[in-house]
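Close look at the chain arrangement
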Amino acid sequence: MISLTDSQKIGMGLTGFGVFFLFFGMILFFDKALLAIGNILFVAGLAFVIGLERTFRFFFQKHKMKATSFFLGGVLVVLIGWPIIGVVLEVYGFFLLFRGFFPVVVGFIRRIPVLGSILNLPFISAVNSNAVMKCTLSIFNIFAAFYELY
C-alpha cells in the first residue's frame, strides 16, 4: 500500500472535489461558479499532491508550453465568465498535457478485476493502446485544425 503524507491526502481531496465541481458544473449547463471553483480546486489539489516545484516543472516544460497555455488559458476564460469556450480550451490543453499518461491509464484499468475483463474481450482488446493513442492524436489534429481556422 502506498503511504501518503498529510499534504498529499489533502491534495487528493482537493483534486477529487475539483473534478466533482467540474463535472457538476458541466451537468448544470456550464455553470460559471461551479466550473471556476472546480478549476481552482483541481489545480490546487494537483500542487498539493505532487508538490509546488514539481507542478511548475510539469506545466512549464519547453515542449508543453502550448498545452499549458491552452489549459491555464481555459481556466482564465472560465474565471472571466465564458464557460463553454473555457472548457473547450481546457479539455484540449488537458489532452495535450496528459497524453503521455493515457497508455499507463489503459494498462492500469486492464488490471482492475471487472474493468480488465471487459477490456480483454476479443472485440475490445483488438483496440490496443497504440490505436487509442492514434485516435486521441486524430482528435488533437481536429482541434488544431479548428484552432487554425479561427
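Residues numbered from 1 in each chain as written. Predicted model: local features only at pLDDT ≥ 70, side-chain atom pairs only at ≥ 80, totals over all residues. Heavy atoms only, no water.

An unreviewed UniProt entry annotates the protein chain as Golgi transport 1Ba of Sparus aurata. For the record of the protein chain, the UniProt heading Subcellular location (unreviewed entry) holds the text "Golgi apparatus membrane". Comment text from UniProt for the protein chain, heading Function (unreviewed entry), reads "May be involved in fusion of ER-derived transport vesicles with the Golgi complex." (UniProt positions renumbered as here; feature names shortened; annotations may be inferred.)

UniProt's entry tags residues 12–30, 36–56 and 68–85 with the feature "transmembrane region" (unreviewed entry), counted in the numbering of this structure. Taken as a whole, residues 12–30 contains 84% helix and 0% strand, while its terminal C-alpha atoms sit 24 Å from one another. Helix makes up 89% of residues 68–85 and strand 0%, and the two end C-alpha atoms of the span are 16 Å apart. (Helix = DSSP H or I, 4+ residues; strand = E, 2+ residues; numbered from the N terminus.)

If you trace the backbone, Thr-55 turns up in helix H3 (residues 52–59). Residue classification places Thr-55 among the buried positions, given a relative accessible area of 7%. Between the alpha carbons of Thr-55 and Ala-44 there is a distance of 9.8 Å; along the sequence they are 11 residues apart. Polar side-chain contacts of Thr-55 include one of 2.6 Å to the backbone oxygen of Gly-51. (Buried < 20%, exposed > 50% of the residue type's maximum accessible area, 1.4 Å probe, protein only. Polar contact = N/O pair within 3.5 Å; in protein donor to acceptor, adjacent residues only side chain to side chain.)

Our focus in this paragraph is the packing of aromatic side chains. Inspection of the entire model under this criterion finds 12 aromatic pairs. With 6.0 Å between their ring centres and 15° between their planes, Phe-59 and Phe-71 make a pair best called stacked. Residue Phe-59 is found in helix H3, and its partner Phe-71 is found in helix H4 (residues 65–80); the two are separated by 12 residues along the sequence. There is no split in this pair, since Phe-59 and Phe-71 are both buried. For the ring pair Phe-94 and Phe-95, a centre distance of 6.1 Å and an interplane angle of 70° mean the geometry is edge-to-face. What makes Phe-94 partly exposed here is its relative accessible area of 30%. On the basis of relative accessibility, which here comes to 28%, the residue Phe-95 falls in the partly exposed class. Three or more aromatic residues joined by ring pairs make a cluster, and in this case those are Phe-42, Phe-58, Phe-59, Phe-71, Phe-94, Phe-95, Phe-98 and Phe-101. (Phe/Tyr/Trp six-rings, centres within 6.5 Å; stacked < 30°, edge-to-face > 60°.)

In this structure, the largest pocket occupies an estimated 640 Å³ of space. Taken together, 14 residues line the largest pocket, and the ones lying closest to its centre are Leu-46, Val-49, Phe-98, Phe-101 and Val-105. Of all the secondary structure elements, the ones that give two or more residues to the lining of the largest pocket are helix H1 (6–27), helix H2 (32–50), helix H5 (83–98) and helix H6 (102–110). The greatest single-element share of the lining of the largest pocket, amounting to four residues, is contributed by H2. Its volume calculated, the second largest pocket comes out at about 300 Å³. What lines the second largest pocket is Val-19, Leu-22, Phe-23, Met-26, Leu-35, Asn-39, Phe-42, Phe-71, Val-87, Glu-90, Val-91 and Phe-94. Listing elements by their share of the lining of the second largest pocket, those giving two or more residues are H1, H2 and H5. Looking at the lining of the second largest pocket, its residues break down into 10 nonpolar, one polar and one charged. (1 Å grid on protein atoms, 1.4 Å probe; cavity = no way out; pocket = protein on both sides within 12 Å on 5 of 7 lines; lining within 4 Å. Points joined across faces, edges and corners; volume = space filled by probe spheres on them. Nonpolar A, V, L, I, M, F, W, Y, C, P; charged D, E, K, R; others polar.)

A separate point is the side chain of Thr-68. The residue Thr-68 is located in helix H4 in this model. A distance of 2.3 Å separates a polar side-chain atom of Thr-68 from the backbone oxygen of Phe-59. The residues contacting Thr-68, other than those within four sequence positions of it, are Phe-59, Phe-60, Gly-73 and Leu-97. (Contact = heavy atoms within 4.5 Å.)

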